[in-house]
Amino acid sequence: MENKILLICLFCFLSLPGYSQKKQNSSLIPSKPSEAPDYFCTWNVQGFATGYQSSPTTRQAMNEKNIFGTGKYEGWGNMFSRLHKDLYLVLDDAWDIPLNGDKGYYGSLIVDSGRFPTLLGQTPAQKLAALTKKTKALGWKGLGLWICAQKAPNLQIENDTTYWTERLNWMKDAGISYWKVDWGKDSKSAEWRTWLTELGKKVAPALIIEQAMTPTTMATAEVYRTYDVENVISIPHTIDRVSKLLTALPKGQAVSIINCEDEPYIAVGLGCAIGIMRHSYNGNLPTGVQDHAFPPVGKDLKSSLDEETRAVLWHRIALPFGIDKTDFYIDTAILHDYWTMKTNETWLKSHDKDGYKNAWQAPAIITRGLEKPTVVIKTGAFAPYILASKYPNGAIAVASLGRTIDREYLKPKADVTLKIDALDKPFGIFGHYSSLTLQLDRPISFTRVLAQDLAGEIPVDITKQIITNGNKVTIPGALIDRVGLSAATNGDKSEPGMLLVFQK
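Residues numbered from 1 in each chain as written. Predicted model: local features only at pLDDT ≥ 70, side-chain atom pairs only at ≥ 80, totals over all residues. Heavy atoms only, no water.

Draft legend 1. Seen up close, the overall build of the protein. Scanning the protein for helices and strands turns up 12 helices and 25 strands. When its C-alpha atoms are laid out on the principal axes, the protein stretches across 75 × 75 × 50 Å. For the protein, buried positions account for 57% of its 504 residues. Pairs at least 24 apart in sequence give 69% of the contacts found in the protein among residues at least 6 apart. (Helix = DSSP H or I, 4+ residues; strand = E, 2+ residues; numbered from the N terminus. Buried < 20%, exposed > 50% of the residue type's maximum accessible area, 1.4 Å probe, protein only. Contact = heavy atoms within 4.5 Å.)

Draft legend 2. Main features of empty space enclosed by the protein. Summed over all chains, the structure comprises three cavities of 30 Å³ or more. Taken as a whole, the largest cavity encloses approximately 60 Å³ of empty space. When grouped by side-chain class, the residues that make up the lining of the largest cavity number five nonpolar, four polar and one charged. Estimates place the volume of the second largest cavity at around 50 Å³. Lining the second largest cavity are Asn231, Val232, Phe294, Pro295, Val297, Gly298, Lys299, Asp300 and Leu301. When its residues are assigned to classes, the lining of the second largest cavity shows five nonpolar, two polar and two charged. (1 Å grid on protein atoms, 1.4 Å probe; cavity = no way out; pocket = protein on both sides within 12 Å on 5 of 7 lines; lining within 4 Å. Points joined across faces, edges and corners; volume = space filled by probe spheres on them. Nonpolar A, V, L, I, M, F, W, Y, C, P; charged D, E, K, R; others polar.)

Draft legend 3. Up close: the nonpolar core. The biggest cluster of nonpolar side chains holds 138 residues, and the ones touching the most others in it are Trp95, Trp179, Trp314, Leu438, Leu500 and Phe502. Take this core: its biggest share by element is six residues, from helix 7 (residues 160-174). Apart from residues lying up to four places away in sequence, Leu438 is in contact with Leu418, Ile420, Leu423, Phe427, Ile444, Asn471, Lys472, Val473, Ile475, Leu500 and Phe502. (Core = buried A, V, L, I, M, F, W, Y, C linked by side-chain atoms within 4.5 Å.)

Draft legend 4. Geometry of the layout of surface pockets. Of the pockets and cavities examined, the largest pocket occupies roughly 860 Å³. If you trace the largest pocket, you find 34 residues lining it, with Trp43, Asn44, Tyr52, Asp228 and Trp347 closest to the centre. For the lining of the largest pocket, the elements supplying multiple residues, two or more each, are helix 3 (43-49), helix 4 (55-60) and helix 9 (234-246). Considering each element in turn, the lining of the largest pocket owes the most residues, three residues, to helix 4. Residues of the lining of the largest pocket, tallied by class, amount to 10 nonpolar, 12 polar and 12 charged.

Draft legend 5. Structural detail: helix 12 (residues 477-484). Within helix 12, six of the eight residues are buried, leaving the element largely enclosed by the surrounding structure. Inspection of helix 12 places Gly477, Leu479, Ile480, Asp481, Val483 and Gly484 among the buried residues, and these make up the whole buried set.

Now the structure itself:
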């Protein structure tokens, strides 16, 4: 009798509106943090805090107080707090040189005690371990370091193997997660970079070593960075660089995950990792001058932080993948963009002048693991850039990206049809569309379709708002806009980012 009563009570509880609503409203985004090699890098916030007066002053800003403090323009370690468990915090240029700027210590990999005074008197490994602990205490996945590609001249250690083995052991003992290997005496040597990658795998196998500048190192490097671009023209420039890296080595030889820096929707569309460079200090520099790294024109990246959230959280669903993991298609049709410059709109001095035509071009379409989609635009309209990838776990992402023309960032819409082989995995849909059609080689079958803003937490049922016709299902562009921006931060200018799940 007691068991019957318990069963009746349980049935009544499960039937309560509140319980069923809670179950239905569970987020489609996994709670488990991403294992992607994504990070937030401090270089541009260093520059902002010092007004970008010079490289030496930007380097002066790399110190303990700015990263962990609570004063004005301090506490950089608190930025992107929602994403901490998905990101590494990368300390950029100058953490290992003294405050007097002595470049002879570049590449020492010894945390400077003048910059980090609470670490005074500790061994190199102890200093790194203490920084790792402080970083993880803020919730970050781990600590990463900018690395000068050379031995520090002032230390006068001749043997490369001895020098770098010691430092890799420091990293292993301290739990350092990531190296961003940049400029330095050996930066253009593919042989040296390949050697460092291989040594790292032997000595500190958990350490991710990102390489750059030398495409042949993609045969060994876990991550390879596309490198710096001007943000007013960053979309075509970055797409062009990714396309060239996909074809830089013979098929099957390149293994690297491409880090496409701070273009998160390019990253999700092409299976790349993200290196966040923008930050939450919006507006002019402290000096009152317009921020030339992130000017408030065009796409206005510092007013577009939600797209970072959407892209990083997509990586909980589908991880970035190496160049060798799938085939790719690069369109022969090329789109031409340009930005007519005004002063204080770029860090590149040769372009920082009124009237300069900052032009770039890139393939109209790139896919990885998918056929070329059909893209239809209205006569005379601009075409968007279309990027799409099938990830190794079966998830699919498609991104429609805007155009940079004269002094406008345009958001053209197209009817895009993407051929797929199943509906049983999640779809990530980024950017604006007239419509997006998913086409199978057989009739489509499902019972319910849920969608969610990737920056939000609550899915909605859109089953009755999509159009099914035989082997095709079409999602109207207005629906993508509405759902993909439903959790947008007030005033944020990011484009939509929507998660789509078909249920049977």
